[in-house]
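This is what each chain is made of:
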Amino acid sequence: MTKTRRLEDLWSHIHCLGVLADTGSFTAAARRLQISKASVSQRIVELEQAAGVPLVRRTTRSVTLTDAGASLVDHTASAYRRIEEGFSAVRDLSEGPRGVLSVTAPVALGRQVVAPLIPGFLKRFPEVRIQLELSDHLASLATEGFDLAIRHVAGVPDTHVASIICETRSVLVAAPEYLSRHGTPRTPADLENHDCLHYLRRSGGATWSFESQAGDKRVAVPVRGSFTANNSEVLREAAAGSVGIALLPDFSASQALKSGALIEVLPGWRVVGDYAERLYAVRPYTPRVPLTVTSFVQYLREAIPAAEGLGGPFQQGPDR
């Protein structure tokens, strides 16, 4: 390799350096570029050999750019952004969305709501490939290379663009067998005498807050129980096993409520402040939104409420 290597041969290498600067690691850069980690490293080495100066500082824990590397990225990043936007605009002139869509979602929400709907989207848009990563870690979309995140949160950072998919609600549930043995709570205060299965949070103790349907009363009840977990699917299964009364997001409870495996408790009260009340589609800010992203978000807006009945009253299934 010599310094006289044609500059045109290095366009992808310079782009690779920019992605490495954004992501901060060879692994994350490789995932965004959809190439191997070794390929990323090789491109950076070849670029440094052609430039004649070090562009990257490598340690066992981090990757940072040298002054020369940062200068090269500063001079070229806007050009690559314009190229990406221009190509995306041209590609969107085709008959429909195409290409790879990288999506992240929390584990329980992704397993129960998002993943079952993906086959329908892929049948509608066969030129799209979806990469779905399920993790309760709140990923940095720009750094980790995701096009879209599905979030069940109270709010999103100002640095991102959020679209509401649908409203959700929290629901208190128990198995018919549990209620038969221990009685059905009539007021929130009655929960102090029940085994309450709650979401495991670092703050320790749990308090469930309720508001009357008329909005004229608000009650906070400290709860305790024999089981806690940091996953709503696990809490649902414990409730279905007659262990106690569980507080769940509606997307975790809906199917069990429809089948009658679980019964809603205290339907005259609205749970407030425990789980978020909306599902969001969150994306990094870009001047132009790819057609794959807008198509997927619109699909979820149509499909999720229809499939899950989120946000509204449930039709109780047959008694068991």
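Residues numbered from 1 in each chain as written. Predicted model: local features only at pLDDT ≥ 70, side-chain atom pairs only at ≥ 80, totals over all residues. Heavy atoms only, no water.

Participant: What exactly am I supposed to notice about the overall build of the chain here?
Facilitator: Scanning the chain from terminus to terminus reveals ten helices and 15 strands. Within the span of the chain, comprising 320 residues, buried residues form 43% of the whole. Residue pairs at least 24 apart in sequence account for 75% of intrachain contacts in the chain once pairs closer than 6 positions are excluded. For the chain, the computed accessible surface area is about 16600 Å², with 52% contributed by carbon and sulfur atoms. (Helix = DSSP H or I, 4+ residues; strand = E, 2+ residues; numbered from the N terminus. Buried < 20%, exposed > 50% of the residue type's maximum accessible area, 1.4 Å probe, protein only. Contact = heavy atoms within 4.5 Å. Areas by Shrake-Rupley, 256 points an atom, 1.4 Å probe, with all protein chains shown as cover.)

Participant: Please clarify how the environment of Leu-132 should be interpreted in this entry.
Facilitator: With respect to the helices, strands and loops of the structure, Leu-132 is situated in strand E4 (residues 128–134). Remark: the alpha-carbon pair of Leu-132 and Val-114, spanning 18 residues in sequence, is separated by 9.2 Å. Leave out the neighbours within four places in its chain, and Leu-132 touches Val-103, Ala-105, Val-114, Ala-115 and Ile-118.

Participant: What should I look at first to understand unusual backbone geometry in this one?
Facilitator: Note: most peptide bonds trans; most residues except glycine with negative phi. Positive phi values are uncommon outside glycine, yet Gln-34 reaches one of about 60°. Mapped onto the elements, Gln-34 comes out in the loop between helix H2 (26–33) and helix H3 (37–51). By relative accessible area, Gln-34 is classed as partly exposed at 43%. Look at Ser-242: it is not a glycine, yet its phi comes out positive at around 65°. Structurally, Ser-242 is set in the loop between helix H8 (232–240) and strand E12 (245–249).

Participant: Sorry, what's going on with the pattern of salt bridges here?
Facilitator: According to the stated counting rule, one finds 13 salt bridges in the structure shown. For the salt bridge of Arg-124 with Glu-302, the shortest nitrogen-to-oxygen distance reads 3.7 Å. One end of the pair, Arg-124, is in helix H5 (residues 107–124); the other, Glu-302, is in helix H10 (residues 291–308), with 178 residues separating them in the sequence. By relative accessible area, Arg-124 is classed as partly exposed at 47%. With a shortest N-O distance of 3.2 Å, Glu-167 and Arg-278 are connected by a salt bridge. (Salt bridge = Lys/Arg side-chain N within 4 Å of Asp/Glu carboxyl O.)

Participant: Sorry if this is basic, but what is going on with the sheet that holds strand E15 (residues 278–284) here?
Facilitator: One key point about sheets: their strands pair by backbone hydrogen bonds, in either a parallel or an antiparallel sense. In space, the five strands of this open sheet follow the order E4-E3-E5-E15-E6, with mixed pairing throughout. Looking along the sheet, the strands with just one partner apiece sit at the ends: E4 and strand E6 (160–167). Taken over all neighbouring pairs, the strand axes of this sheet differ in orientation by 25° on average, direction set aside. Examined bridge by bridge, strand E3 (residues 99–105) and strand E5 (residues 148–151) share two bridges and lie parallel to one another. (Pairing = 2+ DSSP bridges. Axes fitted to C-alpha atoms, helices over the stretch in contact; angles between N-to-C directions.)

Participant: Explanation requested: H2 in the structure shown.
Facilitator: For an α-helix, the turn length of 3.6 residues means that residues three or four places apart are oriented alike. Every buried residue belonging to H2 is among Phe-26, Ala-28, Ala-29 and Ala-30, and all of these are buried. Backbone geometry just downstream of H2 places Gln-34 in the positive-phi region, at approximately 60°.

Participant: Quick question: what am I supposed to make of the pairing of E4 here?
Facilitator: Successive side chains on a regular strand alternate, one facing one side of the sheet and the next facing the other. Bridge analysis of E3 against E4 gives seven bridges, and the strand direction is parallel. Its bridge partner lying in E4, Leu-101 is registered against Ile-130. With respect to chirality, the unit in which E3 leads through H5 into the neighbouring parallel E4 is right-handed. (Right-handed = clockwise from strand over helix to strand, strands pointing away.)

Participant: Looking at this structure, how should I read the side chain of Thr-104?
Facilitator: Its place among the elements puts Thr-104 in strand E3. Given the relative accessible area of 1%, Thr-104 is considered buried. Polar side-chain contacts of Thr-104 include one of 3.3 Å to the backbone oxygen of Glu-133. Excluding its chain neighbours within four sequence positions, the residues that come into contact with Thr-104 are Glu-133, Leu-141, Phe-146, Leu-148, Ala-149, Ile-150 and Arg-151. (Polar contact = N/O pair within 3.5 Å; in protein donor to acceptor, adjacent residues only side chain to side chain.)

Participant: Looking at this model, I keep getting lost on H3. Mind explaining?
Facilitator: With 15 residues, H3 extends 21 Å from end C-alpha to end C-alpha; this agrees with the ideal 21 Å at 1.5 Å per step. Along H3, the residues classified as buried are Val-40, Ile-44, Glu-46, Leu-47, Glu-48 and Ala-50. (Expected span 1.5 Å × (residues − 1).)

Participant: Before we go on, may I ask you to explain the nonpolar core in this structure?
Facilitator: Formed by 32 residues in total, the largest nonpolar core has its most connected members in Leu-172, Val-173, Leu-191, Trp-208, Phe-210, Leu-262 and Leu-266. Setting aside anything within four residues of it in sequence, one finds Val-173 in contact with Gly-244, Ile-245, Ala-246, Leu-248, Ala-253, Leu-257, Leu-262, Ile-263 and Val-265. In this structure, Leu-101, Val-113, Val-128 and Ile-165 belong to the second largest nonpolar core, which totals 25 residues. (Core = buried A, V, L, I, M, F, W, Y, C linked by side-chain atoms within 4.5 Å.)

Participant: Just checking my understanding: could you explain the packing of aromatic side chains for this structure?
Facilitator: Geometrically, a pair of aromatic rings is defined through the distance of the ring centres and the angle of the planes. In this structure the tally under the stated criterion is four aromatic pairs. Ring geometry for Phe-121 versus Phe-125: centroids 4.9 Å apart, planes at 55°, classification tilted. An angle of 85° between the planes, with centres 6.0 Å apart, marks the rings of Tyr-199 and Tyr-275 as edge-to-face. In this pair, Tyr-199 is assigned in strand E8 (residues 196–199) and Tyr-275 in the loop between strand E14 (269–272) and E15, connecting sequence segments 76 residues apart. According to the relative accessible area criterion, Tyr-275 is buried, its value standing at 11%. Through a chain of ring-to-ring contacts, three or more aromatic side chains come together here, namely Phe-121, Phe-125, Phe-296 and Tyr-299. (Phe/Tyr/Trp six-rings, centres within 6.5 Å; stacked < 30°, edge-to-face > 60°.)

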